[in-house]
Amino acid sequence: MTGSPLRLSQAPGQLIRIAQQVHTRLWAENVGQELTAPQYAALIALAVEPGADQRTVGERASLDKATMAEMVGRLVRRGLVLRRRDPADGRRKLLTLSPLGTQLVQDVSPGVARVQQQLLAPLTEAQRTELMTGLARMARMEDMALETMVDARPILDAPRVVGYLIRVAQQVHTRLWTEHASGELTAPQHAVLAALAEEPGIDQRTVGERASLDKATMAELVSRLVRRGLVLRRRDPADGRRNLLALSPAGQALLDQVGAGVRTVQAQLLAPLDEAERERVVELLAVVARLSEE
């Protein structure tokens, strides 16, 4: 992961971000609006450990303290979770699933299973095992209690909660990016600049596809990069409806400047794996990421 820059299509952080987008789309199609994936993870943690305290449930579901507190408030208001003070420690809140919460978990679990199955559908059984093993090792960088989530498989009725592991791996990438590469560019901004470095002068829609950004997000992001003088934008003389983009000298200089930090992010993201495993996990993530094109 050192030396020349990785092509965008080979960057594990980018592939994990796209895999997470695929998971989000499949979740919307199969589960709908009843529960978000993080809410479902919290409810599953409670199904496995009834009466656990709020901090522990947050750890199991891979949610930070503030996000967990807000989520639990919503779940309590919906009548899905029961919350009480720990009689042994008034600072702790103990949580249990309500009967309504238990029923909702049972109702949505078949849809959740379909999400996991569709994510892994392009892979053979052996490849699924390789990908899951790699994701699990990457996720352990955050010291998540994955064993507990795997113990929930009878409730999940899904193969090794792959969506959960993708989300945790994405969190690992976000943390590493903040530590090593976020001073000048966000990961999506870097993806746009990297796409332009690979294919100078391509149109804005194509750049959005390369960077896996929707039309509205891409338009706003490009406008910011243009205002910062990092990207040059002009109308396509052959089609006035299209914008053609290119890196400015300042954009190229910044891309070069952050390159070492970005390579560090990718290397540390894959650090729990040996060299052969890294190559395989990147290959398999690329297969899952291609579901975004369907």
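Residues numbered from 1 in each chain as written. Predicted model: local features only at pLDDT ≥ 70, side-chain atom pairs only at ≥ 80, totals over all residues. Heavy atoms only, no water.

Here we take up the overall build of the protein. Counting secondary structure elements, the protein contains 14 helices and four strands. Per-residue burial over the protein gives 49% buried out of 294 residues. A separation of at least 24 residues holds for 69% of the contacts in the protein among residues at least 6 apart in sequence. Looking at the protein as shown, the accessible area adds up to about 14,300 Å², and 51% of this sits on carbon and sulfur atoms. (Helix = DSSP H or I, 4+ residues; strand = E, 2+ residues; numbered from the N terminus. Buried < 20%, exposed > 50% of the residue type's maximum accessible area, 1.4 Å probe, protein only. Contact = heavy atoms within 4.5 Å. Areas by Shrake-Rupley, 256 points an atom, 1.4 Å probe, with all protein chains shown as cover.)

Next up on the list: the packing of helix α1 (residues 12–30) against helix α9 (residues 162–180). With their axes 9 Å apart at the nearest point, α1 and α9 run at an angle of 140 degrees to one another. When the axes of α1 and α9 are compared, the pair comes out oblique. Note that α1 runs across α9; the crossing there is left-handed. Touching Gly13, Ile16, Arg17, Ala19, Gln20 and His23 of α1 are Gly163, Ile166, Arg167, Ala169, Gln170 and His173, all from α9. Considered class by class, the residues forming the contact of α1 with α9 number four nonpolar, six polar and two charged. (Axes fitted to C-alpha atoms, helices over the stretch in contact; angles between N-to-C directions. Parallel < 35°, antiparallel > 145°, perpendicular 65-115°, else oblique. Left-handed = near helix turned anticlockwise from the far one by under 90°. Nonpolar A, V, L, I, M, F, W, Y, C, P; charged D, E, K, R; others polar.)

This next bit is on the pattern of salt bridges. Here the structure, examined in full by the defined rule, presents 21 salt bridges. When the shortest N-O distance is used, the salt bridge between Arg210 and Glu199 registers 2.6 Å. Linking Arg210 in helix α11 (residues 204–211) with Glu199 in the loop between α10 (187–198) and α11, this pair joins segments that are 11 residues apart in sequence. Residue classification places Arg210 among the partly exposed residues on the basis of a relative accessible area of 38%. Using a relative accessible area of 24% as the deciding quantity, one classes Glu199 as partly exposed. Several salt bridges converge on common partners, so that one network encompasses Asp53, Asp86 and Arg92. (Salt bridge = Lys/Arg side-chain N within 4 Å of Asp/Glu carboxyl O.)

Looking now at the environment of Pro122. Relative to the helices and strands, Pro122 is located in the loop between α5 (99–120) and α6 (125–139). For the pair Pro122 and Leu291, spaced 169 residues apart in the sequence, the C-alpha separation amounts to 8.6 Å. Once residues lying within four places of it in the same chain are set aside, the contact partners of Pro122 are Gln127, Val287 and Leu291.

Turning our attention to the environment of Gln170. In this structure, Gln170 sits in helix α9. Linking Gln170 and Leu135, residues 35 residues apart in sequence, is a C-alpha distance of 10.0 Å. Among all residues touching Gln170, those that are not within four sequence positions of it are Gly13, Ile16 and Arg17.

Mapped onto the elements of the fold, Arg224 is located in helix α12 (residues 215–227). Under the relative-accessibility criterion, Arg224 is labelled partly exposed at 43%. Taking C-alpha positions, Arg224 is 9.4 Å from Gln189, a pair spaced 35 residues apart along the chain.

Attention now goes to unusual backbone geometry. Of note, Ser62 is a non-glycine position whose phi angle comes to about 60 degrees, a positive value. Turning to its location among the elements, Ser62 is positioned in the loop between α3 (54–60) and α4 (65–77). Positive phi values are uncommon outside glycine, yet Ser212 reaches one of about 60 degrees. Note on placement: Ser212 falls in the loop between α11 and α12. A relative accessible area of 12% means that Ser212 is categorised as buried.

Read these as geometric descriptors, not functional statements.
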